Amino acid sequence: MAQIELIEYSFKYPREDKSALDNINLSIDEGEFVLICGPSGCGKTTLLQQLKKEIIPEGKITGRALYEGVPIKDLDDFIAASNIGMVFQEPESQIVTDRVINELAFSMENLGFPLEKMGRRMGEMVHFFGIEDKLYEKIHNLSGGQKQVLNLASVLLLQPKVLLLDEPTSQLDPVSSKEFIQMVQNLNRDFSITVIITEHRLEELFHIVDRVVMLDEGQIKYDGKPKDVAKEIYDNNDEIFFNYLPSISKLYFKLDKEKDNVPLTIRDAKKWIKNISIDKEMQEKQKIEDKKNIKNTIINIKNISFRYERGKPLVLDKLSLEINQGEFLSILGGNGSGKSTLLKVVAGAYKPQYGKIYVNGKKLHNIDEDKRFRYIGYLDQNPMLYFLHDRVQDEIYDRAEKINAAEKDVQYIIDLFELNNILHRHPYDISGGEKQKVALAIVLLAKPKILLLDEPTKGIDPISKRNIGNLLINLKKSGITLVVATHDIEFAARFSDRCALLFDKDIRAVEEPNTFFSQNYFYTTSINRIIRDKIPNAIIWEDVVNHVYI
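Owing to the predicted nature of the structure, the values given are computational and were not obtained by experimental measurement.

A. Structural detail: the layout of surface pockets. Volume-wise, the second largest pocket comes out at about 950 Å³. Looking at the second largest pocket, it is lined by 37 residues, and the ones nearest its centre are Asn141, Leu142, Ser143, Tyr308 and Thr341. Elements that contribute at least two residues to the lining of the second largest pocket include exactly α5 (144-156) and α11 (339-347). A breakdown of the residues in the lining of the second largest pocket according to their chemical character gives seven nonpolar, 17 polar and 13 charged.

This is the structure:
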């Protein structure tokens, strides 16, 4: 008997003409590691919600959803809460207390665990996750990635048999993401916990899962082992879902004549690439145009230091950075390194205790506040902060009215982000990727000259991500300066003019992407890992294709 089973299952949200899930038949055995992926809004999160009794949304349901043969909606409350755990896409939506220790204890307290059992489990979990120094920390001081790790620890304290993960690495840096996935893999392999995970970033996941399920408009389009799914997508000449394959698989299908032994790991890819002839005489191709036309400094950050509260450690310490007009600068760094804080300081939301920030030669806080906030656009990593109304359409038009945006500009933004189909929906009811697109659309309506983006690709599918990247490049060409804090290495490698590493409260390196990523061990792309011995500066699969005799 399958542990989780969906039988001819369909779900339709209230006042919707189209089903979010359409005749889903899915059977998952105990201990399976299943990856669910697909475009934003295809039904991934909705599917996970059907498996968690407490959060099944209102709507019309047909078919059956079973846990160990019992309808999920009829499960005993204790079993439903403890046996099926879930980590949500937005960390803040799952956190209910003010301090780490209280959050860890919350779920166990609600289920009536005795104090001795709570203490034993908490001690074990805190040590396992290495968060002893954060135990009494206020949660609002944690980074997005740290909050996500806290959520996972809180769920695991109930020792679930099924773990549902909704894009859990979207706010984690590359090292933390790899560690998180390895942790989940160990839980799956060592404790036979069934893992069902949705993700857009597949580089670290595709090769370790047992099975890949790809959704399209609420239906299962592909279902099978990773290699089989990759081969089927290629054989079908499916240009849409080809974008969802890891870079290694894309490179293989572009270069290999056999197409019958798809490498999924770095190790297998390095063995395969040895047989590929490389044109070593070809000069490295630059991906981003106009680098030599970068203009004068527009933002000059001089020796700034910042802490959130008196007596607390510095988050930024004597940090200096020059940002050029019309460039696309990506800032990378670990969770809690201060990337989000730096953007907020540059936006004027926080004032550094020491040092100065100059914009076009003027001190940032000497610029009129209204002019400053129109000149510098800022997108927070939590899109929920931008939503005040009951419909997406109202969010967009309310913002447009406040800044006197023209109707043609509003419609252009709506079309650009493909928002027409969700304009009538509540912003809280759309997918995580759709929330991100709506928030970015709201910010762009003001046509800022400087655009600060905190994790703009979080929760966004590969096609939308490429569209956003191309949009940002066009904005850059029009003279807008872009500063992006991101964990998305593939995005930064493809679109940035320069990349900076924030470490130990200061900027430690600022270089062009090919140089920056080719010198890193963890902060680099999967393509660079497999090809750096032959083409040191290749960082995306197109770089390699340009060097190969085909």
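B. Expanded view of the nonpolar core. Within the largest apolar cluster, 70 residues are counted, with the highest numbers of intra-cluster contacts made by Leu104, Leu152, Phe206, Met214 and Leu251. In this structure, Leu104 is in contact with Met122, Val126, Ile131, Leu135, Leu150, Ala153, Ser154 and Leu157, ignoring residues within four places of it in sequence. In terms of nonpolar packing, the next biggest core, distinct from the first, is built from 67 residues, Val410, Ala441, Ala485 and Phe491 among them.

C. Structural view of the sheet that holds strand β1 (residues 4-12). Strand order in the open sheet formed by four strands is β2-β1-β4-β5, with antiparallel pairing between adjacent strands. Pairing within the sheet leaves two strands with one partner each, and these edge strands are β2 (21-28) and β5 (70-71).

D. Up close: the pairing of strand β19 (residues 498-503). Inspection of the sheet shows strand β13 (residues 328-332) paired to β19 by four bridges, in the parallel sense. Opposite Ile331, over in β19, you have Ala500 as the bridge partner. Relative to strand β20 (residues 506-511), β19 is paired through five bridges, and the arrangement is antiparallel. In the strand pairing of β20, Ala500 is matched with Val510.

E. Main features of the domain arrangement of the protein. Segmentation of the protein into domains returns domain 1 (4-234) and domain 2 (325-351 + 365-511). Using C-alpha coordinates to define each centre, domain 1 is positioned 27 Å away from domain 2. Contact with domain 1, which involves 23 residues of that partner, is made by 23 residues of domain 2. The contact between domain 1 and domain 2 buries some 1,800 Å² in all, and 49% of this surface belongs to carbon and sulfur atoms.

F. Inspection of the pattern of salt bridges at higher detail. Following the criterion strictly, the structure yields 25 salt bridges and no others. Two residues, Lys53 and Asp77, come together in a salt bridge whose shortest N-O distance is 2.7 Å. Here Lys53 is found in the loop between α1 (44-50) and β4 (60-67), whereas its partner Asp77 is found in helix α2 (residues 77-83), with 24 residues between them in sequence. Ionic pairing is found between Lys147 and Glu92, a salt bridge with its closest N-O pair at 3.2 Å. Here Lys147 is found in helix α5, whereas its partner Glu92 is found in the loop between β6 (84-87) and α3 (100-110), with 55 residues between them in sequence. A single network of salt bridges, built from pairs that share partners, joins Glu32, Arg211 and Asp223.

Quick notes on the rules
Residues numbered from 1 in each chain as written. Predicted model: local features only at pLDDT ≥ 70, side-chain atom pairs only at ≥ 80, totals over all residues. Heavy atoms only, no water. 1 Å grid on protein atoms, 1.4 Å probe; cavity = no way out; pocket = protein on both sides within 12 Å on 5 of 7 lines; lining within 4 Å. Points joined across faces, edges and corners; volume = space filled by probe spheres on them. Helix = DSSP H or I, 4+ residues; strand = E, 2+ residues; numbered from the N terminus. Nonpolar A, V, L, I, M, F, W, Y, C, P; charged D, E, K, R; others polar. Core = buried A, V, L, I, M, F, W, Y, C linked by side-chain atoms within 4.5 Å. Buried < 20%, exposed > 50% of the residue type's maximum accessible area, 1.4 Å probe, protein only. Contact = heavy atoms within 4.5 Å. Pairing = 2+ DSSP bridges. Domains from an automatic or database assignment. Buried area = accessible area lost by both parts, 1.4 Å probe. Salt bridge = Lys/Arg side-chain N within 4 Å of Asp/Glu carboxyl O.

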